[in-house]
Amino acid sequence: MTLGKITSIVTTLLNAGIDSTASSLLFALTDLALHQEKQQKLLASKNHRANILLIMCMGRRTFPVTKGPARFMEWDTVIGGYTIPRKTCVSLDMAAMVKDERFFPKAKEYIPERWLRNVNDEITKGQEFPFACKPFGFGPRGCIGKDLLKWKCKLELQRLFRTLKFQCHLEYQRLKQFTVH
Ligand code: HEM
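Residues numbered from 1 in each chain as written. Predicted model: local features only at pLDDT ≥ 70, side-chain atom pairs only at ≥ 80, totals over all residues.

## Focus on the packing of helix α1 (residues 3-34) against helix α5 (residues 146-163)
Short version of the rule: Axis definition: a line fitted to C-alpha atoms, over the contacting stretch in the case of helices. Angles run 0 to 180 degrees between N-to-C directions. The numbering of helices and of strands both runs from the N terminus, where a helix is a DSSP run of H or I of at least 4 residues and a strand a run of E of at least 2. An angle below 35 degrees is read as roughly parallel, one above 145 as roughly antiparallel, one from 65 to 115 as roughly perpendicular, and any other as oblique. Note on convention: the crossing is left-handed when the near helix lies turned anticlockwise from the far helix by less than a right angle, right-handed when the turn is clockwise. Residues are treated as contacting if the C-beta atoms built from their backbones sit within 7 Å of each other.
Viewed as axis vectors pointing N to C, α1 and α5 meet at an angle of 45°, and their least axial separation amounts to 10 Å. On the basis of the axis angle, α1 is oblique to α5. Where α1 crosses over α5, the two elements pack in a sense that is right-handed. Only L149, K152, C153, E156 and L157 of α5 make contact with α1, whose side of the interface consists of S20, T21, S24, L25 and A28.

Here it is in structure tokens:
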């Protein structure tokens, strides 16, 4: 492998990895600081690890770090009655999709429980539509850092919550309106 190729791979991994991990953590903590009742529930629960996963999933919905996957059409394609000519770049607007009430009931509310597994109620309905929220893309070009990110954020949040409690200054409470709107 050439030095140029190695540099390119390492730069991509660093760019894709560092900022996205920091933003994911920051957004998860902002969400919890803005929703004290959920934070108390997390701290009081014996099953921190499971709850942290829900919070991370929720963070991806409330503050998507990326817009979502995009694909370049190699041939003319018809999707939902729309003809998309070849050589068109199609980008999924996940930020809009995660606010769609058809997939995410009470879409404007911060409800990490909507990601609970093995629960079949109205609020977990989004899980029936796996493509309604695909923050890491899919298929062979899907994000290769997904698991690394999940573990890093999970460990970091567990560590932080051992000693710290997060609060949002009153002045910044207005941030709430940006989280899921
Ligand atoms: C919040 C965190 C992250 C999000 C939301 C995210 C999202 C994405 C998305 C949407 C894609 C395109 C997938 C597709 O087109 O199907 C992608 C690709 C990629 N991601 Fe991530 N990513 C995150 C973290 C990371 C981390 C931590 C790393 C590496 C350490 C990483 C490395 C990559 C690489 C190398 C690709 C390109 C894969 C390819 O083209 O074959 N990402 N990511």
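What follows picks up the thread again.
## Overview of the site of the ligand
Heads up, the condition is: We call a residue near a molecule or strand when its C-beta atom, built from the backbone, sits within 6 Å of it. Three residue categories are used. Nonpolar comprises Ala, Val, Leu, Ile, Met, Phe, Trp, Tyr, Cys and Pro, charged comprises Asp, Glu, Lys and Arg, and polar comprises the others, including Gly.
Contacts to the ligand come from 22 residues, most closely from G17, S20, G137, C143 and G145. Counting only elements with at least two residues in the shell around the ligand, the list comes to α1 and α5. Per-element accounting of the shell around the ligand gives the leading share, seven residues, to α1. Looking at the shell around the ligand, its residues break down into 11 nonpolar, 10 polar and one charged.

## As for unusual backbone geometry
Located in the positive-phi region is K87, a residue other than glycine, with phi close to 70°. Looking at the secondary structure, you find K87 in the loop between β3 (82-84) and β4 (89-91). The phi angle at K106 is positive, at roughly 55°, despite the residue not being glycine. If you trace the backbone, K106 turns up in the loop between α4 (94-97) and α5.

## What about the UniProt feature "binding site: heme" (unreviewed entry) in the protein?
Basically, it comes down to this: UniProt positions are given in the numbering used here, feature names are shortened, and annotations may be inferred rather than shown by experiment.
Under the UniProt annotation, "binding site: heme" (unreviewed entry) lies at C143. Mapped onto the secondary structure, C143 falls in the loop between α4 and α5. Setting aside anything within four residues of it in sequence, one finds C143 in contact with F136 and G137.

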